[in-house]
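Reading the structure
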Amino acid sequence: MGIAIGAPIVFGHNLPKGVWPVVFSEEPIPGKHPGLSILNDKPWNAETPAHLLDEKVTPADKLFVRNNGKVPEDIDKNSWTLEIGGESVKNVKTYTLNELKQKFKHYSYQLTLECGGNGRSEFNPPAKGNQWTTGAVGCPKWTGIRLKDVLTDVGLKSDAVYIGYYGKDVHLSGDPSKVVISRGVPISKAMEDEALIAWALNDEDLPLMNGYPLRLIFGGWPASTSGKWLSKIVVRNKVHDGPKMTGFSYKVPCETVAPGTDVLEEDMCIIESMPVKSIITYPKSGAVLSEGQTSLSLRGHAWAGDLEVSEMHVSIDFGASWVKCALSKPVNRLAWQHWNAEVSFPKKGYYEVWAKATDSNGKMQPMVVPGWNPRGYLNNACHRIAVKVI
Ligand SMILES: Nc1nc2c(c(=O)[nH]1)N[C@H]1C(S)=C(S)[C@@H](COP(=O)(O)O)O[C@H]1N2
Ligand SMILES: [Mo]
C-alpha cells in the first residue's frame, strides 16, 4: 500500500484492520488496488491513476473496472458453459469451460483494453456517463483460446457478418429477463489471431470484476466489445443489435460536428479501432524538482488501436517544440508500447510535460480535445502532467 501512497507507512503495523489511510477516499473494490479512483459504486466503475499504470504489464489489481450491471454471484467455474449460436452458425454447440481448455490450443497475448469513453471528462458541452479521465486503460497478459478456432468448430454460414456476446451479469433493475449489455464485432475482427476467449490474466484466473471466469478480449477496439462473464456468442447475418449496440451507444457522428450539435441517429457510426494515444506514467503529475536537479527521466506507454505507434514525442514548452522519445516495439500485435525520454528544465518555475504519439499511418494525438460527440467517446488528446522546479 505504501507504493500507492508514494512513501512507506512508517507505523503501518499499528493501523487497525479495515481502516484505510485517509489519502485513499474509500475502501477499495474487492480484489482491486486501493489507489484506483472510484467513479461509481452502483455499478462498480473505477479508473487507474496514470502513475499506477507504470508497469509494462498491467497487474490484475490495477486494471480499471467498467461494469454496466451487477457482478454475477455464486460463480462455479467447473459448471460454467459457453454456447455458440445465432442464425449464421451451422451447428449450435455448448461447451463447458473445461472442454474449451482441453479441446482448443492456448494462446497468450498482451492486449490493450481501453474503454471508448476514456477521457470523457474533458468534453464540453459535457457528456453524461462516467467521467473517465485517463485511467480506463490497461494492458495485461491474457490467456485463452482463439475465438476463430471455436467459430471454425461450429462452422459459419456464408452470410455470417458479425458476432455478439451475452454475459451473466445482472441488470441494475434486478430483472433477470433484461440484458445488461450485448455488443460485438464484425467477423473480420473476430477471426484475427489475437481475438481471444480468455480465462486468465497474468497467468491467474480473471479477477471477478474483470469477467471471471471467462471473457472476450478484442485488443485495440472499444473495451465494450470485450464481453465479460461470457456465457453465449451469437453469429449474426447482420450487424448485431443487442443492448448498447444500437442508438447512440458506442457511436460517434460519421462526419465531424460542432460541439453541442443535435446529431441524428442515422448519422452516427459504430466505433471500431481506437485512435492513437499515450500516457505519462512517471513521474506523477505534480512532481517537484530542486533547481540543482536539472534533468528528469520520463516514461509511459503508447497504443494505436489496430495500428502500431511509430513515434513518440514530449514537450516541456506547451507544444512549441518537441523532443523525440525512445520507443519500444510491441511485444505482440495490439499490445501497448513503452517510451522514455530525458528532459531538462532551464530554470525555476512551473512546467508541463505533454506527450504525443504518432501512429503508423502518420496520425498524431491532438493537443486539444478532438471531435466532440454526444456521448463523449474517443478523447485522445495529449496527456499532460505538471512539474515544478523550485
Ligand atoms: N458482460 C459485460 N461485459 C462488459 C461490460 C459489462 O458491463 N458487462 N462492460 C464493457 C465495457 S463498456 C468495458 S469498457 C469493458 C471493461 O472491462 P474491464 O472492467 O475488465 O476493465 O468491459 C466490457 N464488457
Ligand atoms: Mo466502456
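Residues numbered from 1 in each chain as written. Chains lettered and ligands numbered in written order. Predicted model: local features only at pLDDT ≥ 70, side-chain atom pairs only at ≥ 80, totals over all residues. Heavy atoms only, no water.

Remarks on the state of the cysteines
Throughout the structure, instances matching the rule amount to one disulfide. With its sulfur 2.0 Å from that of its partner, Cys 254 forms a disulfide with Cys 269. Here Cys 254 and Cys 269 share a disulfide; its torsion about the S-S bond, 105°, makes the bridge right-handed. Taken together, the residues Cys 254 in the loop between strand 16 (251-253) and strand 17 (268-270) and Cys 269 in strand 17 connect sequence positions 15 residues apart. Classification of Cys 254 by relative accessible area gives partly exposed; the value is 36%. The thiol of Cys 139 is not disulfide-bonded; the next cysteine sulfur, from Cys 115, is found 16 Å away. Residue class for Cys 139 comes out buried when judged on its relative accessible area of 0%. Just so you know, Cys 325 is unpaired, no disulfide at all, and the nearest cysteine sulfur is the one on Cys 382, 11 Å from it. (Disulfide = S-S within 2.5 Å. Helix = DSSP H or I, 4+ residues; strand = E, 2+ residues; numbered from the N terminus. Buried < 20%, exposed > 50% of the residue type's maximum accessible area, 1.4 Å probe, protein only.)

Regarding the domain arrangement of the protein
Along its sequence, the protein is carved into domain 1 (2-66), domain 2 (77-270) and domain 3 (277-389). Taken residue by residue, the interface counts 39 residues in domain 2 and 23 residues in domain 3. Across the domain 2 to domain 3 interface the summed buried area is about 2700 Å²; carbon plus sulfur atoms make up 59%. Taking the shortest distance from any N to any O, the salt bridge between Arg 333 and Glu 192 comes out at 3.4 Å. Mapped by element, the contributors of at least two residues to the side of domain 2 that touches domain 3 are strand 6 (106-110), strand 8 (137-138) and strand 16. Considering every element that reaches the side of domain 2 that touches domain 3, the biggest residue donor is strand 16, with three residues. In terms of residue class, the side of domain 2 that touches domain 3 is built from 17 nonpolar, 14 polar and eight charged. (Domains from an automatic or database assignment. Contact = heavy atoms within 4.5 Å. Buried area = accessible area lost by both parts, 1.4 Å probe. Salt bridge = Lys/Arg side-chain N within 4 Å of Asp/Glu carboxyl O. Nonpolar A, V, L, I, M, F, W, Y, C, P; charged D, E, K, R; others polar.)

A closer look at the site of ligand 1
Close to ligand 1 lie 19 residues, the nearest being Phe 64, Asn 68, Asp 169, Arg 215 and Lys 228. In the environment of ligand 1, an oxygen atom lies 2.8 Å from a nitrogen or oxygen atom belonging to the side chain of Asn 210. When isolated, ligand 1 has an accessible area of 530 Å², and the protein chains bury 100% of it. When each cavity is represented as a set of grid points, ligand 1 is found to reside in the largest cavity. Here the residues of the shell around ligand 1 sort into nine nonpolar, six polar and four charged. (Near = heavy atom within 4 Å. Polar contact = N/O pair within 3.5 Å; in protein donor to acceptor, adjacent residues only side chain to side chain. Areas by Shrake-Rupley, 256 points an atom, 1.4 Å probe, with all protein chains shown as cover. 1 Å grid on protein atoms, 1.4 Å probe; cavity = no way out; pocket = protein on both sides within 12 Å on 5 of 7 lines; lining within 4 Å. Sits in = over half its atoms within 2 Å of the grid points.)

Describing helix 3 (residues 147-154)
Buried within helix 3 we find Leu 147, Val 150, Leu 151 and Val 154. When helix 3 is viewed along its axis, its buried side chains cluster within an angular range of 100° and face the same direction. Note on helix 3: the residue one or two positions beyond its end, Gly 155, has a positive phi of about 85°. (Arc of directions from axis to C-beta.)

Some points on the sheet that holds strand 10 (residues 162-167)
On the basis of which strands lie adjacent, the open sheet formed by five strands has the order 5-4-15-10-11 and mixed pairing. This sheet does not close on itself; its edge strands, each paired only once, are strand 5 (93-96) and strand 11 (184-186). Across the sheet, the mean angle from the axis of one strand to that of its neighbour is 15°, orientation sign disregarded. In this structure, strand 10 lies alongside strand 15 (residues 230-236), joined through six bridges in antiparallel fashion. By the bridge assignment, Gly 164 is partnered in strand 15 with Val 234. (Pairing = 2+ DSSP bridges. Axes fitted to C-alpha atoms, helices over the stretch in contact; angles between N-to-C directions.)

A look at the layout of surface pockets
Of the pockets and cavities examined, the largest pocket occupies roughly 640 Å³. Considering the residues around the largest pocket, the lining is formed by 28 residues, among which Val 252, Pro 275, Lys 363, Leu 378 and Asn 380 are closest to the centre. Elements represented by at least two residues in the lining of the largest pocket include exactly strand 16 and strand 17. Residue contributions to the lining of the largest pocket reach at least three from each of two domains, namely domain 2 (77-270) and domain 3 (277-389). Roughly 350 Å³ of internal volume is contained in the second largest pocket. Around the second largest pocket, the lining comprises 17 residues; the ones closest to its centre are Arg 66, Asn 68, Lys 244, Tyr 250 and Arg 375. Grouping the constituent residues of the lining of the second largest pocket by class yields seven nonpolar, five polar and five charged. (Points joined across faces, edges and corners; volume = space filled by probe spheres on them.)

What about the packing of aromatic side chains?
The relation between two aromatic rings is expressed through the spacing of the ring centres and the mutual angle of the planes. One pass over the structure, following the stated rule, counts seven aromatic pairs. Their ring planes at 25° and their centres at 5.3 Å tell us that Tyr 250 and Tyr 377 sit as a pair that is stacked. Within this pair, whereas Tyr 250 is found in the loop between strand 15 and strand 16, its partner Tyr 377 is found in the loop between strand 25 (349-359) and strand 26 (383-389), the two being separated by 127 residues in sequence. What makes Tyr 250 buried here is its relative accessible area of 6%. The class of Tyr 377 is buried, set by a relative accessible area of 4%. A ring pair is formed by Phe 318 and Trp 354, whose centres lie 5.8 Å apart and whose planes are at 80°; its orientation type is edge-to-face. Of this pair, Phe 318 sits in the loop between strand 21 (309-315) and strand 22 (323-324) while Trp 354 sits in strand 25, placing them 36 residues apart in sequence. The aromatic ring of Tyr 166 is capped on one face by Lys 232, whose charged end is 5.9 Å from the ring centroid. Taking the ring centre of Trp 322 as reference, the NZ or CZ of Lys 356 above it sits at 4.3 Å. (Phe/Tyr/Trp six-rings, centres within 6.5 Å; stacked < 30°, edge-to-face > 60°. Lys NZ or Arg CZ within 6 Å of the ring centre and 35° of its normal.)

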